[in-house]
Amino acid sequence: MWWGGRGQSFNIAPQKEEPEMGSVQESRMPEPRSRQPSSCLASRCLPGEQILAWAPGVRKGLEPELSGTLICTNFRVTFQPCGWQQNEDTPLSSEYDFALVNIGRLEAVSGLSRVQLLRPGSLLKFIPEEIMIHGRDFRLLRVGFEAGGLEPQAFQVTMAIVQARAQSNPAQQYSGITLSKAGQASGSRKPPVPLMETAEDWETERKKQAARGWRVSTVNERFDVATSLPRYFWVPNRILDSEVRRAFGHFHQGRGPRLSWHHPGGSDLLRCGGFYTASDPNKEDIRAVESMLQAGHSDVVLVDTMDELPSLADVQLAHLRLRALCLPDSSVAEDKWLSALEGTRWLDYIRACLRKASDISVLVTSRVRSVILQERGDRDLNGLLSSLVQLLSAPEARTLFGFQSLVQREWVAAGHPFLTRLGGTGASEEAPVFLLFLDCVWQLLQQFPADFEFSEFFLLALHDSVRVPDTLTFLRNTPWERGKQSGQLNSYTQVYTPGYSQPPAGNSFNLQLSVWDWDLRYSNAQILQFQNPGYDPEHCPDSWLPRPQPSFMIPGPPSSVWLFSRGALTPLNQLCPWRDSPSLLAVSSRWLPRPAISSESLADQEWGLPSHWGACPLPPGLLLPGYLGPQIRFWRRCYLRGRPEVQTGLSAPTISGLQDELSHLQELLRKWTPRISPEVHSKKRDPHTILNPTEIVGILKGRAEGDLG
């Protein structure tokens, strides 16, 4: 990815004056030959950024190898090629940039066999000939150092990286990028995507979804109901805020039932935490809880989110195994690599998520009902499934704006603990659930390329952005923490982070920027690559209501309550666990007998078509992905970026590289145009239209005939 500010010059700090370089000075290495950086370093920097060390080097692992300079600052490690000219809106092209908190592994190499793994606080035992920086986002930076008297600089820059990593704080926001933008703005900046921090944002979205039976509740405006919930959320019209406050107290962490998405056909998708076992609600509270769960519907389905999906520990272990497998020095033999990939279980977990999301999409689409996602914490798998269901069911969510709004609402505003799950707190609850979600979205993009407005490169940019501490989007666990840090909460004291520049008093610029402000780190040309050239707006119909279904799939009373488990619906006697037993449903739906997994798809069950009729016709706008065998693919462009030799068959792994490749292909097409066969050349076509295989063969045939002639 690409990130950085603009309009600044590097603040060069003489290496001998750096107090952090104590270990380097104690080693009594000779002074470097050159104390001033070469002209390659005459670039731009961010406010408050300071160069700690630098050394000339050659970037390896790519063809051709690039000469340049390796630079370590108090924020990042970057490689700047010689002769590189800054002519973009952003200062650096990020295939060379690694935030300190993104460095997962640092190795120093000397000779053919001497390798030292450098952890924070380690002492380098030799002068390195090469260092390898492994990013936690699967990128790799290999830099070899030049000989001829510059060895001390190689030693110093390596030790500078070691010590800068030890002093970096994953939870600390680096505001230099934001401040560099602030210096160019003359007024307030409207967020590119609603941040869902105001009642107006929630009301606008409610009207957009036409959720007439719902209203915006302000009961949590001061975060006194739950600090992990947003300040505002949707509740049924007829429920008072006083009832909401009492009802939410009977759910884990105060995360009671609230609307996640209203389907145009009338169904409602809700999410909530697990029932609180120690509570003892009175009749009025039970009635309020039931009313909120039913949401005015006579048909209610309770979905145990954790059933059949991986635990947080499973997700973390699978991701660790995946990263180890994708390292360039992986010990797995080539003929056993695919087996080892299956052994990570990462693809299995993607398969399970897509299957469950598909089933829930059918539940929401096939009948007018209330579907409730229930997870004990309501902050991980609920967000993943709710987001996938909306992507499968709502064409609007598959646009670039719609997808960003979806992530902001269902992940950021809903209180997904990004900092903890991405390893920023050092706690044992690390589990990259959001990265698992992005891989699921990539799978959908591969299966339905014409239905998504955004491209794979947008997903890569979002994937990499979780490791860049420039905004608070991924640096905090809850909306309350973000508001407290940014000073938006007047009832709390703003936290001052020492060592970083602060905006001048009276600056009217809105510094509350988010990850969706892509122009902080990306040029306009790069942002254009976020658009999917194969997107067909006709796949986003104006009317995509479900077919009317007057009868239920299974006969039942006027008020039917179901539990969805293992791909089948099981009737429930009651919706709340407190009427008969205080422990009922307290440990998820496992208190019920598990139904056998149905051989029919849920779509066939729900729409009630006989199996001999074949696949049932889907409502317009609904996508049901495949999740069997080879239908789930490996995201090579993301996970194998550190192994360019296995990227054969793919286009360039970066946006800038893709632009170069596209320009080259366009130039070739211009040269080949006179040689195209007449039947192909005579067709009028839009220059942006993708050629089909027959036309490509015609082009190649014409080129071959011209060469032979």
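Quantities reported herein were computed from a predicted structural model and do not represent experimental measurements.

**Quick word on the overall build of the chain**
Okay, step 1: Each helix and strand counted, the chain has 21 helices and 17 strands in total.
Okay, step 2: The buried share of the chain, taken over its 709 residues, is 56%.
Okay, step 3: If you take every contact in the chain between residues at least 6 apart in sequence, the share linking residues at least 24 apart comes to 72%.
Okay, step 4: Accessible surface for the chain amounts to roughly 30,600 Å². Of this, 52% is attributable to carbon and sulfur atoms.

**Notes on helix 11 (residues 400-412)**
Okay, step 1: The end-to-end C-alpha distance of helix 11 is 17 Å, a good match for the 18 Å that 13 residues give at a rise of 1.5 Å each.
Okay, step 2: Counting buried positions along helix 11 yields twelve of 13 residues, so the element is predominantly enclosed.

**A look at the confidence of the model for the chain**
Okay, step 1: With 67% of its residues at a pLDDT of 70 or more, the chain has an overall mean of 77.
Okay, step 2: Contacts for the low-pLDDT stretch residues 580-597, under 50 throughout, to residues beyond four places or in other chains number 32 contacts.
Okay, step 3: Here residues 609-615 is a poorly scored stretch, pLDDT under 50, and it has five contacts once near neighbours within four places are set aside; other chains count.

**Describing the sheet that holds strand 5 (residues 103-110)**
Okay, step 1: The strand order 4-3-2-1-8-7-5-6 describes an open sheet built from eight strands, whose pairing is antiparallel. Since the sheet does not close on itself, it has two edges, and those belong to strand 4 (97-99) and strand 6 (114-117), each with one partner. Direction aside, neighbouring strands of the sheet carry axes that sit 30 degrees apart on average.
Okay, step 2: Strand direction decides the pairing type here: strand 5 and strand 6, joined by four bridges, are antiparallel. Looking at strand 6, one finds that valine 109 is bridged to valine 115.
Okay, step 3: Helix-sheet contacts for helix 2 (residues 151-167) involve strand 1 (51-60), strand 2 (66-73), strand 3 (76-81), strand 5, strand 7 (130-135) and strand 8 (140-145), and the interaxial angle to strand 1 is about 115 degrees.

**Let's talk about the packing of helix 13 (residues 433-447) against helix 14 (residues 456-465)**
Okay, step 1: Between helix 13 and helix 14, the shortest axis-to-axis distance is 10 Å and the interhelical angle comes to 175 degrees. With respect to their mutual orientation, helix 13 and helix 14 come out roughly antiparallel. From helix 13, Phe434, Leu435, Leu438, Val441, Trp442 and Leu445 reach across to helix 14, where they touch Glu456, Leu459, Leu462 and His463.
Okay, step 2: Residue classes in the contact of helix 13 with helix 14 are distributed as eight nonpolar, one polar and one charged.

About the criteria used
Residues numbered from 1 in each chain as written. Predicted model: local features only at pLDDT ≥ 70, side-chain atom pairs only at ≥ 80, totals over all residues. Heavy atoms only, no water. Helix = DSSP H or I, 4+ residues; strand = E, 2+ residues; numbered from the N terminus. Buried < 20%, exposed > 50% of the residue type's maximum accessible area, 1.4 Å probe, protein only. Contact = heavy atoms within 4.5 Å. Areas by Shrake-Rupley, 256 points an atom, 1.4 Å probe, with all protein chains shown as cover. Expected span 1.5 Å × (residues − 1). pLDDT = per-residue confidence, 0-100. Pairing = 2+ DSSP bridges. Axes fitted to C-alpha atoms, helices over the stretch in contact; angles between N-to-C directions. Parallel < 35°, antiparallel > 145°, perpendicular 65-115°, else oblique. Nonpolar A, V, L, I, M, F, W, Y, C, P; charged D, E, K, R; others polar.

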